[in-house]
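Listed below are the residues making up each chain.
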Amino acid sequence: QLQLVESGGGLVQPGGSLRLSCAASGFPLNYYAIGWFRQAPGKEREGVSCITANGGRTNYADSVKGRFTISRDNAKEMVYLQMNSLKAEDTAIYYCARYPVNRCVLSLGSYDYWGQGTQVTVSS
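A.B. asks: What's the story with the pattern of salt bridges in this structure? I'm lost.
C.D. replies: Two side chains that carry opposite charge are able to pair once their charged atoms sit near each other. With the rule as written, the count across this model stands at 5 salt bridges. A single network of salt bridges, built from pairs that share partners, joins Arg 38, Glu 46, Arg 67 and Asp 90.

A.B. asks: Teacher, can you tell me more about the side chain of Ser 21 here?
C.D. replies: Within the secondary structure, Ser 21 is located in strand E3 (residues 18-25). Discounting chain neighbours no more than four positions away, the residues touching Ser 21 are Val 5, Glu 6, Ser 7, Trp 36, Met 78, Val 79 and Tyr 80.

A.B. asks: Honestly, the sheet that holds E3 in this entry has me stumped. Any pointers?
C.D. replies: Picture the strands of a sheet paired through backbone hydrogen bonds; they go either parallel or antiparallel. Read from one edge of the open sheet, 4 strands run E1-E3-E8-E7, paired in antiparallel fashion. Only two strands of the sheet have a single partner each, and these edge strands are strand E1 (3-7) and strand E7 (68-73). Put simply, the sheet's adjacent strands are angled 15 degrees from each other on average, direction ignored. Alignment of E1 against E3, held across 5 bridges, turns out to be antiparallel. For Glu 6, the partnering residue across the bridge sits in E3 and is Cys 22.

A.B. asks: Help me understand the nonpolar core, please; the structure alone is not making it clear to me.
C.D. replies: Grouped burial of nonpolar side chains is what soluble globular proteins tend to show. If you look at the biggest cluster of nonpolar residues, it comprises 26 residues, and the most contacted ones within it are Trp 36, Phe 68, Val 79, Leu 81, Met 83 and Tyr 94. Those elements giving two or more residues to this core turn out to be E3, strand E4 (34-39), strand E5 (46-51), E7, strand E8 (78-83), strand E9 (92-98) and strand E11 (118-122). Top contributing element to this core by residue count: E3, with 4 residues. Not counting chain neighbours up to four residues away, the residues in contact with Leu 81 comprise Leu 18, Arg 19, Leu 20, Trp 36, Val 48, Ser 49, Phe 68, Thr 69, Ile 70 and Tyr 94. Grouped together as the second largest cluster of nonpolar side chains are 8 residues, Cys 50, Tyr 99, Cys 104 and Tyr 111 included.

A.B. asks: Help me understand the packing of aromatic side chains in this model?
C.D. replies: Centre distance and the angle of the planes are the two values used to describe a pair of aromatic rings. Scanning all chains against the criterion turns up 6 aromatic pairs. Look at Tyr 99 and Tyr 111: their rings are 4.9 Å apart centre to centre, the planes differ by 75 degrees, and that puts the pair in the edge-to-face class. Remark: Tyr 111 occurs in the loop between E9 and strand E10 (113-114) and Tyr 99 occurs in the loop between E9 and E10; sequence separation between them is 12 residues. Note on accessibility: Tyr 99 and Tyr 111 belong to one class, buried. Relative to Trp 114, the ring of Tyr 111 lies with its centre 6.1 Å away and its plane at 55 degrees, an arrangement referred to as tilted. On the accessibility criterion, Tyr 111 (6% relative accessible area) is buried. The exposure class of Trp 114 is partly exposed, given its relative accessible area of 28%. A connected cluster of aromatic rings, assembled from ring pairs, spans Phe 37, Tyr 95, Tyr 99, Tyr 111 and Trp 114. Arg 45 extends its terminal NZ or CZ atom over the ring of Tyr 95, reaching a point 3.9 Å from the ring centre. Over the ring of Tyr 32 we find Arg 98; its NZ or CZ atom is 4.2 Å from the centre of that ring.

Rules used in this analysis
Residues numbered from 1 in each chain as written. Predicted model: local features only at pLDDT ≥ 70, side-chain atom pairs only at ≥ 80, totals over all residues. Heavy atoms only, no water. Salt bridge = Lys/Arg side-chain N within 4 Å of Asp/Glu carboxyl O. Helix = DSSP H or I, 4+ residues; strand = E, 2+ residues; numbered from the N terminus. Contact = heavy atoms within 4.5 Å. Pairing = 2+ DSSP bridges. Axes fitted to C-alpha atoms, helices over the stretch in contact; angles between N-to-C directions. Core = buried A, V, L, I, M, F, W, Y, C linked by side-chain atoms within 4.5 Å. Buried < 20%, exposed > 50% of the residue type's maximum accessible area, 1.4 Å probe, protein only. Phe/Tyr/Trp six-rings, centres within 6.5 Å; stacked < 30°, edge-to-face > 60°. Lys NZ or Arg CZ within 6 Å of the ring centre and 35° of its normal.

See the structure below:
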């Protein structure tokens, strides 16, 4: 069965770092772009970053540029989000998702499979 499973979330202080992982199974990861999204309490889900199938193109939300880095290792069926210089406003549940064709976009509408999410809390 198709699965996307996020891990690596937790509680960190402002200025700290986390690396999130997205483990894929049940489909050929190297054919698909993958996006990271987040949703804070009471807020709309928003796109954070995305990466094309072979890692050739990436996009980032303005709020995370220069702080977050997306990467992938198709041989390991993994996608990562390195999060540095974390701020309180980064607190959210973070999700990875699959795009049905090899496109890197930050809008939610066309992503067809989603993981369960992992909680990131940035607080002193």
